[in-house]
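What follows is the residue order along each chain.
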Amino acid sequence: MKSKNKWLTIIGLAFGLVSAGLFSANADAKSMTVNYVSTTGQQLRAPITYHRVSNGINAFGTTYTYTMSGYPSTQAGYVKTIKGYVPHKVQQNYTYQNMPNSLTVKYIKESTLALKVDKQYMKQINAYRATKGLKAFKHRASLKAKTVVRSKELWTKLSHVRPNGQSYNAKNSGYAEVMAVLPTYFTSYGISTYNSGQGATIVYNSNGYVSYKKTAQTASHELLTCDAEHRDTELNNWATYSDVAFSFHADGSAKMAQLFELKGAKE
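Residues numbered from 1 in each chain as written. Predicted model: local features only at pLDDT ≥ 70, side-chain atom pairs only at ≥ 80, totals over all residues. Heavy atoms only, no water.

A.B. asks: Explain the overall build of the protein chain to me, please; I cannot follow it from the model alone.
C.D. replies: Looking only at helices and strands, the protein chain has 5 helices and 7 strands in total. For the protein chain, the sequential pattern of α-helices and β-strands runs α-β-β-β-β-α-α-β-α-α-β-β. The buried share of the protein chain, taken over its 267 residues, is 43%. Sequence separation of 24 or more characterises 64% of the internal contacts of the protein chain that already satisfy a separation of 6 or more. Working note: accessible area of the protein chain is about 14,700 Å², and carbon and sulfur atoms make up 54% of it. (Helix = DSSP H or I, 4+ residues; strand = E, 2+ residues; numbered from the N terminus. Buried < 20%, exposed > 50% of the residue type's maximum accessible area, 1.4 Å probe, protein only. Contact = heavy atoms within 4.5 Å. Areas by Shrake-Rupley, 256 points an atom, 1.4 Å probe, with all protein chains shown as cover.)

Below you can see the structure in the form of structure tokens.
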């Protein structure tokens, strides 16, 4: 009987140790709840709570991390792709030790981002034209509407020939067109375009927030330096009006179309 009681005591102690181990592990577990909102405060998707017992969590996944100077290749991190929106601020990776209880990832609406970059781009082009003694391009609402259409069409067909078979670059059309491609910034499953040969890309400031000015600058610099034909088009003295439109996608990639219109041009 004493032997039996001894074994029961040992088994009981063993179970106690296992229970204590499990309790200790659970006590050390950490949770981080991520909220997804727009820059205007609108909730864009339901919050997600991540649980960790030892490892931390990365913004863009577990294999690659974001760098300010490069294109991050990403797996499934806590930054999610949300249709119609682009991350407004770069998010950091967290080790297990520095995981917060909660955080908020803010997104800017694609159309809002586009309008802000559009404005900076035309400002930069006109400023450069001024250094060459050229007049600033004038804005025309009807031309702006055309550029918006063109920037969206480029997702379907990246060509000066439009999906309907027409071209704004056709001889004697009264119009000319330049385009720029901004490679993918991040996707949920990895980078889809690492380097398209274009120099334009979305840019985030050192404080982590998207820079409208610097993003526009990558496109204006690209079109003023990539070759003589594009530069001469930007510095032409035959167009009175010019407008631009950027079209962003949720992964941060974009297409840009700029149209030039001669005074009296007809479509």
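A.B. asks: How do you make sense of the sheet that holds strand β5 (residues 175-182) when you look at a structure like this?
C.D. replies: What links the strands of a sheet is backbone hydrogen bonding, and the strands pair in either a parallel or an antiparallel sense. Read from one edge of the open sheet, 3 strands run β5-β7-β6, paired in antiparallel fashion. In the strand order of this sheet, the two ends are held by β5 and β6 (241-248), each with one partner. Each neighbouring strand pair of the sheet contributes to a mean axis angle of 15 degrees, computed without reference to strand direction. Two elements, β6 and strand β7 (residues 254-261), share 8 bridges in a ladder whose sense is antiparallel. Opposite Ser247, over in β7, you have Lys255 as the bridge partner. Here helix α2 (residues 110-131) sits on the sheet in contact with β6 and β7, set at roughly 145 degrees to β6. Lying over the sheet, helix α4 (residues 212-225) contacts β5, β6 and β7, oriented at roughly 125 degrees with respect to β5. (Pairing = 2+ DSSP bridges. Axes fitted to C-alpha atoms, helices over the stretch in contact; angles between N-to-C directions.)

A.B. asks: Just to check I follow, could you spell out a positive patch on the surface for this structure?
C.D. replies: On the surface, a cluster of positive charge is contributed by Lys116, Lys119, Lys123, Lys213 and Lys214. Only α2 and α4 provide two or more residues apiece to the positive patch. A per-element tally of the positive patch places α2 first, with 3 residues. Residue placement: Lys116 occurs in helix α2. (Patch = residues over 30% accessible without salt bridge, like charges linked within 9 Å, V, L, I, M, F, W, Y side chains within 5 Å. Salt bridge = Lys/Arg side-chain N within 4 Å of Asp/Glu carboxyl O. Lys, Arg positive; Asp, Glu negative; His and termini not counted. Charge placed at Lys NZ, Arg CZ, Asp CG, Glu CD.)

A.B. asks: In this structure, what is going on with the environment of Gln42? I would like to understand it.
C.D. replies: Within the secondary structure, Gln42 is located in the loop between β1 (30-38) and β2 (43-52). Linking Gln42 and Tyr107, residues 65 residues apart in sequence, is a C-alpha distance of 9.6 Å. Beyond its immediate stretch of four places on either side in the chain, Gln42 contacts Tyr36, Val37 and Tyr85.

A.B. asks: Please explain the sheet that holds β2 as it appears in this structure.
C.D. replies: What the 4 strands build is an open sheet, ordered β2-β1-β4-β3; its pairing is mixed. Looking at strand neighbours, the two that pair on one side only are β2 and β3 (85-87), the edges of this open sheet. Neighbour-to-neighbour, the strand axes of this sheet turn through a mean angle of 30 degrees, independent of strand direction. Judged from the 7 bridges that link them, β1 and β2 form a sheet pairing that is antiparallel. Residue pairing across strands places Met32 opposite Tyr50, the latter belonging to β2.

A.B. asks: Could you clarify how one ought to interpret the packing of aromatic side chains in this entry?
C.D. replies: Any two aromatic rings considered together are summarised by their centre-to-centre distance and by the angle between their planes. Tallying each qualifying case throughout the model produces 7 aromatic pairs. Relative to Tyr107, the ring of Tyr36 lies with its centre 6.4 Å away and its plane at 45 degrees, an arrangement referred to as tilted. On the criterion of sequence distance, the pair formed by Tyr36 in strand β1 and Tyr107 in strand β4 (residues 102-109) is long-range, its members being 71 residues apart. Using a relative accessible area of 1% as the deciding quantity, one classes Tyr36 as buried. Joined through ring pairs, the aromatic side chains of Tyr121, Phe246 and Phe248 make up one cluster. The residue whose ring lies beneath Lys30 is Tyr96, and the NZ or CZ to ring-centre distance is 4.8 Å. In this structure, Arg140 is placed above the aromatic ring of Tyr241, and the distance from its NZ or CZ to the ring centre is 3.8 Å. (Phe/Tyr/Trp six-rings, centres within 6.5 Å; stacked < 30°, edge-to-face > 60°. Lys NZ or Arg CZ within 6 Å of the ring centre and 35° of its normal.)

A.B. asks: Explanation requested: the pattern of salt bridges in the structure shown.
C.D. replies: Summed over the entire model, instances satisfying the criterion amount to 5 salt bridges. For the salt bridge of Glu261 with Arg140, the shortest nitrogen-to-oxygen distance reads 2.7 Å. Placement of Glu261 in strand β7 and of Arg140 in the loop between α2 and α3 (141-153) is noted, with a sequence separation of 121 residues between them. For Glu261, a relative accessible area of 2% puts it in the buried group. Between Arg150 and Glu177 there is a salt bridge, with its nearest N and O atoms 2.6 Å apart. Pair noted here: Arg150 is in helix α3 and Glu177 is in strand β5, with a separation of 27 residues, a long-range link. Exposure class is identical for Arg150 and Glu177. Each is buried. Overlapping salt bridges, with partners in common, bring together Arg150, Glu153, Arg162 and Glu177 in one network.

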